[in-house]
Amino acid sequence: MEKRENGAALLPLAVFVVVYLAVGIVLQMKGTEMAFYQLSAPIPALLGVIVAMIMFKGTLNEKMETFLKGCGNQDIMIMCFIYLFAGAFTAVSKAMGGVDAVVHLGLTFIPPQFIAAGVFVIAAFISISTGTSVGTVAAVGPIAVGLATAGGLNAPLVVAATIGGSMFGDNLSMISDTTIAATRSQGVEMKDKFRCNFRIALPAAILTVLLLLVFGRPDTVPAVEHYKLEIVKVLPYIFVLVAALVGINVFLVLTGGIVFSTIVGLCYGSFNLLEATQNIYNGFSGMFEIFLLSMIMGGLAAMVQKEGGINWLIGRIRGVIKGRKSAEIGIAAMASLTDLATANNTVSIIINGEIAKDISEEYGVDPKRTASLLDIFTCIFQGLIPYGAQMLFACAFIENLDSPFSVIARCWYLPLLALCAIGSVFVVKDKKSA
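A few points on the structure. Remember, it's a predicted structure, so these values are computed and weren't measured experimentally. (Residues numbered from 1 in each chain as written. Predicted model: local features only at pLDDT ≥ 70, side-chain atom pairs only at ≥ 80, totals over all residues. Heavy atoms only, no water.)

1. Examining the packing of helix H10 (residues 190–215) against helix H21 (residues 413–427)
How we decide: Fitted lines through C-alpha atoms serve as axes, helices being fitted only where they are in contact, and the angles separating the N-to-C directions of these axes extend from 0 to 180 degrees. The secondary structure listing takes helices from DSSP runs of H or I that are at least 4 residues long and strands from runs of E that are at least 2 residues long, numbered from the N terminus. By definition, any crossing whose near helix is turned counterclockwise from its far helix by less than a right angle is left-handed, and any crossing with a clockwise turn is right-handed. Note on definitions: a residue-residue contact is assigned when non-hydrogen atoms from the two residues lie within 4.5 Å.
In the contact formed by H10 and H21, the axes pass within 8 Å of each other and the chain directions differ by 145 degrees. Classified by chirality, the crossing of H21 by H10 is right-handed. Two secondary-structure elements touch here, H10 through Ile-200, Ala-201, Pro-203, Ala-204, Ala-205, Leu-207, Thr-208 and Leu-211 and H21 through Tyr-413, Leu-416, Leu-417, Cys-420, Ala-421 and Ser-424.

The following block contains the structure:
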């Protein structure tokens, strides 16, 4: 039977994107801080659902059934519960002092004359361990700016290095919401996506470090405070990273990480058992918005797909795609444009996940490649846009900053990552195995 195509069925998705973007732009023009984060994404998503309920054919019960089936889709539910476990691990690990321990470890062993490159490496390790680029910028940013000031180094360059390292780790982390969304939407294992992703990201990271070593040397070598090293507090992060790479079930990995961090925190007196449970719940709560958004978007996508909206879009894309290479470029372009519109890389992946999967199946793109491209290109633009959370947080640490573009111009890792990713499209052979 011929698949139904209906371009008008995309209107509810367009309502979500346009409302989310318009509110952010208006607030930005009014000078509101964190303008694109004042409107919680689930609200315009619900507005899109209301539009779908009004315009799509069928009884209300039929439309509700389609929506709820989409919300309760197995992949959506797995993704949502991974969010919760990842949030709990991040919260309890931070509470027991894990983030500070990683920063202190890096600053102790990286020579102070290599501040800029060192900051990139520290930020990369923290973000790959914690799965959050924003949290990494918040943790490393103040220290990085202080070291840059003491050494007479260009502060925007060091802040840019912090952002680059944060996006490197966020893009690869096993517990990042972008990795979770990308892998679940394409039905691939995290370790497989990591390997595919790592081959693209590593060359860009190496080139960035070399550039920072050459152009990021301070005028004077600052005195770095000698921190007390607490290696044990770093071990839960290493456990999660290694266990995930080995291929252990992600729920077992995150549960083990939570237990490991809790035991370390109890032994060090960072919290008592009751406080540990509160930290775990706070981690759950911190993931509520993305949990709710994923469910709503799953239901909305199911309604749009049933009405033929996804098929219509794939049909238009198919008109300009000639094969595997142009399909990959198309997936990268969709992810990039959506992130520019929403200023949220996880939201962008969720929006494009189903469409990208259909394109991949049609043109023989390896699902690992698709998941990798979705994550890479949303992270690239998320780190470069001046209204993204990472850039807004980072620029706030620099006094008398003339413009965020002075930081953006020095975010060398992200354009290098884009070049490596685009180059990989033409290097990978036209077969299912990347």
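So much for the structure itself; the text now carries on.
2. A short note on the packing of helix H2 (residues 42–55) against helix H3 (residues 60–71)
Selection criterion: These descriptions rest on fixed angle ranges, namely under 35 degrees for roughly parallel, over 145 for roughly antiparallel, 65 to 115 for roughly perpendicular, and the rest for oblique. For this classification, the nonpolar set comprises Ala, Val, Leu, Ile, Met, Phe, Trp, Tyr, Cys and Pro, the charged set comprises Asp, Glu, Lys and Arg, and every other residue, Gly included, is treated as polar.
Running from N to C, H2 and H3 point in directions that differ by 140 degrees, and their axes come no closer than 10 Å. Relative to H3, the element H2 is oriented oblique. Between H2 and H3 lies a crossing whose hand is right-handed. Across from Val-49, Ala-52, Met-53 and Ile-54 in H2, the residues of H3 making contact are Leu-60, Lys-63, Met-64 and Phe-67. Of the residues contributing to the contact of H2 with H3, the split by class is seven nonpolar, no polar and one charged.

3. Quick look at helix H13 (residues 273–286)
Defined as follows: The length a helix should cover is 1.5 Å for every residue beyond the first. Partly exposed residues are those whose accessible area sits between 20% and 50% of the maximum for their type, while under 20% is buried and over 50% is exposed, using a 1.4 Å probe and protein chains only. The arc in question is traced by the directions running from the helix axis to the C-beta atoms. The term polar contact refers here to a pair of N or O atoms within 3.5 Å; inside protein, the definition further demands a hydrogen-donor-capable atom paired with an acceptor-capable atom, and it admits residues adjacent in sequence only when both atoms are side-chain atoms.
The end-to-end C-alpha distance of H13, which contains 14 residues, comes to 20 Å, matching closely the 20 Å that a straight helix rising 1.5 Å per residue would cover. Looking only at H13, the buried set comprises Ala-276, Asn-279, Ile-280 and Gly-283. Taken around the axis of H13, the buried residues stretch over an arc of 100 degrees, which confines them to a single face. Away from the buried face of H13 by more than 90 degrees, exposed residues Leu-274 and Tyr-281 are located. Of the residues flanking the start of H13, the one acting as N-cap is Asn-272, its side-chain oxygen 3.1 Å from the backbone nitrogen of Leu-274.

4. Side note on the packing of aromatic side chains
Selection criterion: Put simply, two rings from Phe, Tyr or Trp (the six-membered ring, in Trp's case) pair if the centres are within 6.5 Å, and we call them stacked under 30 degrees between planes, edge-to-face over 60, tilted for the rest.
Under the definition given, this model contains 10 aromatic pairs. Seen in terms of ring centroids, Phe-168 and Tyr-413 are 5.8 Å apart; in terms of plane orientation they differ by 75 degrees. Their pairing is edge-to-face. With Phe-168 in helix H8 (residues 155–172) and Tyr-413 in helix H21, this residue pair connects regions lying 245 residues apart in the sequence. The pair formed by Phe-168 and Tyr-413 is uniform in burial state, with each residue classed as buried. Chaining the aromatic ring pairs together yields one cluster made of Phe-120, Phe-168 and Tyr-413.

5. Looking at a nonpolar patch on the surface
Inclusion rule: Patch membership needs two things, relative accessible area over 30% and no salt bridge, and members are linked within 9 Å if like-charged or within 5 Å if nonpolar (Val, Leu, Ile, Met, Phe, Trp, Tyr). Method for areas: the Shrake-Rupley scheme with a 1.4 Å probe, in which residue coverage is limited to the protein chains shown. We define a salt bridge as a contact between a side-chain nitrogen of Lys or Arg and a carboxyl oxygen of Asp or Glu at a distance within 4 Å.
Residues Phe-109, Leu-229, Ile-231, Val-232, Leu-235, Ile-238, Val-242, Val-246, Ile-248, Leu-252 and Tyr-268 make up a contiguous nonpolar surface patch of about 980 Å² in total accessible area. Considering each element in turn, the nonpolar patch owes the most residues, four residues, to helix H11 (residues 235–246). With respect to the helices and strands, Tyr-268 occurs in helix H12 (residues 250–268).

6. Let's talk about the nonpolar core
Let me state the cut-off plainly: In this text, buried Ala, Val, Leu, Ile, Met, Phe, Trp, Tyr and Cys residues form a nonpolar core when linked through side-chain atoms within 4.5 Å.
One finds Phe-16, Ile-163, Met-297, Ile-359, Val-407 and Tyr-413 to be the most contacted residues of the largest nonpolar core, which totals 129 residues. What Phe-16 contacts, discounting residues up to four positions off in sequence, is Ala-41, Pro-44, Ala-45, Leu-293, Met-297, Val-347 and Ile-351.

7. Comments concerning the environment of Val-264
If you trace the backbone, Val-264 turns up in helix H12. Look at Val-264 and you get buried, because its relative accessible area is 5%. Separated by 166 residues in the primary sequence, Val-264 and Gly-98 have C-alpha atoms spaced 9.5 Å apart.

8. Examining the state of the cysteines
As a reminder, the rule being used: A pair of sulfur atoms, both from cysteines and within 2.5 Å, is called a disulfide here.
This model, assessed by the stated rule, comprises zero disulfides. Cysteine Cys-71 is unpaired, with the sulfur of Cys-80 as its nearest cysteine sulfur at 9.1 Å. Using a relative accessible area of 7% as the deciding quantity, one classes Cys-71 as buried.

9. Some words on the pattern of salt bridges
Following the criterion strictly, the structure yields eight salt bridges and no others. Between Asp-192 and Arg-195 there is a salt bridge whose closest N-O contact spans 3.6 Å. In this pair, Asp-192 and Arg-195 both sit in helix H10, three residues apart, roughly one turn of the helix. The partly exposed category is assigned to Asp-192, whose relative accessible area is 24%. We classify Arg-195 as partly exposed; its relative accessible area is 42%. In this structure, Arg-324 and Glu-328 form a salt bridge, with 3.2 Å as the shortest nitrogen-oxygen distance. You can see Arg-324 and its partner Glu-328 sitting in helix H16 (residues 324–342), four residues apart, about one turn around the helix. A single burial state applies to Arg-324 and to Glu-328, both of which are buried.

10. Some thoughts on H10
Going by this rule: Working definition for bend: take the seven residues up to and ending at a residue and the seven starting at it, fit an axis to each, and measure the angle between the axes.
Look at H10: 35 Å from first C-alpha to last across 26 residues, which is about the 38 Å you get at 1.5 Å a residue. Of all the bends found along H10, the most pronounced is centred on Phe-198 and spans about 35 degrees.

11. Comments concerning the side chain of Lys-233
Within the element layout of this structure, Lys-233 appears in the loop between H10 and H11. In contact with Lys-233, not counting residues within four places along its chain, are Met-96, Gly-97, Gly-98, Ala-101, Val-264, Tyr-268 and Ser-270.

12. Structural notes on the environment of Ile-280
If you trace the backbone, Ile-280 turns up in helix H13. Sequence-wise, Ile-280 and Ala-86 are 194 residues apart; in three dimensions their C-alpha atoms are separated by 9.9 Å. What Ile-280 contacts, discounting residues up to four positions off in sequence, is Ala-88, Val-92, Ile-258 and Thr-262.

13. Thoughts on the side chain of Asn-345
With respect to the element layout, Asn-345 can be found in helix H17 (residues 345–363). Residue classification places Asn-345 among the buried positions, given a relative accessible area of 6%.

Treat this as a map of the structure, not an account of what it does.
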